[in-house]
Amino acid sequence: QVSCFVLLGENDIPDDAGGDMFLGDGFTSLNRERKRQFPMLQQAYDENINTFSPNDFFVLQGCLKEEAEPSLRSIVSLIKLSEWDSDVFFKYRESILSQVPDTTVKIRNDLCRGMPRVWDNYFMLDDSKDIAFEIGRFYYGVHRYSDALAYYEISTETVGQHHVTFHNMGLCHYSLGNRENALFYFELSLEMNKSYEKALSWIEKVSKEIASGG
């Protein structure tokens, strides 16, 4: 709890004031008078102390994390409350990806519109958090393959090349009907990781389709 006491000077409190002045109705009356004399201080106190604070946000986030599987609606509300904070998105990315295919159109559209803000709010201080890659995964999950490609490309430019990123870019191109481009990225993926079986499987699949003209 935070309190604010205002002392006006030596003559602020009468010499004959009793203890009742600071108790019950006496304190309420004194408090009301202080508010009248310092309206700007009262406004600042209400806006910064009595309203929703960063600590309240931290507590709310902690409550969600205690749930085994928080609902996507709750997660989206939390991300909105955070002004699309990239760290909050990163913490709940797996829950978002697992639930977004079955969510409502409104929640899906809210997330699609908000992802660019998540990226705009990201400061690259930790290479272990590849926010662009995770946004790409989200867009792929909602079948917005061109948007997914754009963020996978950002990922390779900012964090570096990775065989999984190239593989996912191949999947995007394949879903868009660009088999030649898909094959190109699957081959890049396999070149970076010779034992990556997913890329090898897709290379065989796409190669056959291109050869048969299908």
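Residues numbered from 1 in each chain as written. Predicted model: local features only at pLDDT ≥ 70, side-chain atom pairs only at ≥ 80, totals over all residues. Heavy atoms only, no water.

A. Representation of the overall build of the protein. From N to C terminus, the protein includes twelve helices and zero strands. Residue burial in the protein is summarised as follows: out of 214 residues, 34% are buried. Across the protein, every contact between residues at least 6 apart in sequence was considered, and the portion connecting residues at least 24 apart equals 55%. Counting only carbon and sulfur atoms, one obtains 52% of the accessible surface of the protein, whose full area is about 13,400 Å². (Helix = DSSP H or I, 4+ residues; strand = E, 2+ residues; numbered from the N terminus. Buried < 20%, exposed > 50% of the residue type's maximum accessible area, 1.4 Å probe, protein only. Contact = heavy atoms within 4.5 Å. Areas by Shrake-Rupley, 256 points an atom, 1.4 Å probe, with all protein chains shown as cover.)

B. A look at the nonpolar core. Counting 38 residues, the largest nonpolar core has Ile 96, Leu 111, Met 115, Ile 135, Phe 138 and Tyr 139 as its most contacted members. Only helix H3 (54-66), helix H4 (72-81), helix H5 (86-91), helix H6 (93-99), helix H7 (105-120), helix H8 (131-141), helix H9 (145-158) and helix H10 (163-175) provide two or more residues apiece to this core. With residues up to four places along the chain from it excluded, the contact list for Leu 111 reads Leu 72, Val 76, Trp 84, Ile 96, Val 100 and Phe 138. One finds Leu 183, Phe 186, Leu 190 and Tyr 196 within the second-largest nonpolar core, a separate group that totals nine residues. (Core = buried A, V, L, I, M, F, W, Y, C linked by side-chain atoms within 4.5 Å.)

C. Expanded view of H10. Relative to the 18 Å expected for 13 residues at 1.5 Å per residue, H10 spans 18 Å between its end C-alpha atoms, a close match to the ideal helical length. Burial analysis of H10 places ten of its 13 residues in the buried class, which makes it a mostly covered element. Regarding H10, the residues found buried are His 163, Thr 165, Phe 166, His 167, Asn 168, Met 169, Gly 170, Leu 171, Cys 172 and His 173. If you follow the buried residues of H10, they end up packed against H8, H9, helix H11 (179-192) and helix H12 (197-212). The positive-phi residue at the C-terminal boundary of H10 is Gly 177, with phi of around 85 degrees. (Expected span 1.5 Å × (residues − 1).)

By themselves these figures say nothing about function.
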